[in-house]
Number of protein chains: 2
Amino acid sequence: MKITHLDIDVDQWLGALGCAIRNKRKELGLSQEELAHLIQIDRSHMGRIERGERNLTFANILKISAGLKCSPSALLMLAGL
Amino acid sequence: MKITHLDIDVDQWLGALGCAIRNKRKELGLSQEELAHLIQIDRSHMGRIERGERNLTFANILKISAGLKCSPSALLMLAGL
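Residues numbered from 1 in each chain as written. Chains lettered and ligands numbered in written order. Predicted model: local features only at pLDDT ≥ 70, side-chain atom pairs only at ≥ 80, totals over all residues. Heavy atoms only, no water.

Looking at an unreviewed UniProt entry, one finds chain A named Helix-turn-helix transcriptional regulator, with Herminiimonas contaminans as its source organism.

Shown next as structure tokens:
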């Protein structure tokens, strides 16, 4: 999804956020399944989030950053946001 | 909505984010209507976001921060996240 008038490529940024989540998860030595279980998000949904396929909600950003033991703003910064 | 096992009060943080958006908007001298029009979000939806009543999506966080001329991570930091 492109937001042309604001020159924002949402898909690109969803991909970057997914990579940041995956890298941070691996840094903590967590499997995708362990992180999904820890924060009570369905594992396949977690996989789609990491692949940048889901326009995740603010609540899920809070959950994921809590599970990765970093602040939501720090997680976004890891994604270059 | 509380995420008890992670000790996260989503509503509290949605409220804090809404306040940060409102404060930044006012700092820029924008009305709610002007910001909503600029980023092509329905004005009443914008009002509910500012009141912390909507679990907004990542795409809307990108739009709102672009409209407020700050990075998404900076916007979250303004909310204490």
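### Things to note about the relation of the copies chain A and chain B
Between chain A and chain B, which share one sequence, the superposing operator has a rotation angle of 180 degrees and an axial displacement of 0.0 Å; the RMSD is 0.0 Å. The two molecules are tied by a two-fold rotation axis, judged by turn and shift. A share of 100% of the interface residues of chain A reappears at the interface of chain B, consistent with the copies meeting face to face through the same patch. (Least-squares fit on C-alpha atoms with pLDDT ≥ 70 in both. Contact = heavy atoms within 4.5 Å.)

### Focus on the side chain of S73 of chain A
Tracing the backbone shows S73 of chain A in helix α5 (residues 72-78). A distance of 3.2 Å separates the side chain of S73 of chain A from the side chain of S71 of chain A, its partner in a polar contact. (Helix = DSSP H or I, 4+ residues; strand = E, 2+ residues; numbered from the N terminus. Polar contact = N/O pair within 3.5 Å; in protein donor to acceptor, adjacent residues only side chain to side chain.)

### Focus: the UniProt feature "domain: HTH cro/C1-type" (unreviewed entry) in chain A
Taking the numbering used here, the UniProt-annotated feature "domain: HTH cro/C1-type" (unreviewed entry) corresponds to residues 21-75 of chain A. Helix makes up 65% of residues 21-75 of chain A and strand 0%, with an end-to-end C-alpha separation of 7 Å. (UniProt positions renumbered as here; feature names shortened; annotations may be inferred.)

### Thoughts on the interface of chain A and chain B
Taken together, the 27 residues of chain A in the interface contact 27 residues of chain B. Buried surface at the junction of chain A and chain B, summed over both partners, amounts to about 2300 Å²; 81% is from carbon and sulfur atoms. On inspection of chain A and its partner chain B, the count reaches zero salt bridges. Counting across the interface, chain A meets chain B through ten residue pairs in polar contact (both at pLDDT 80 or more). Secondary-structure elements contributing two or more residues to the side of chain A that touches chain B are α1 (10-27), α4 (58-67) and α5 of chain A. The biggest single contributor to the side of chain A that touches chain B is α4 of chain A, with six residues. Among the residues forming the side of chain A that touches chain B, the class breakdown is 20 nonpolar, six polar and one charged. (Buried area = accessible area lost by both parts, 1.4 Å probe. Salt bridge = Lys/Arg side-chain N within 4 Å of Asp/Glu carboxyl O. Nonpolar A, V, L, I, M, F, W, Y, C, P; charged D, E, K, R; others polar.)

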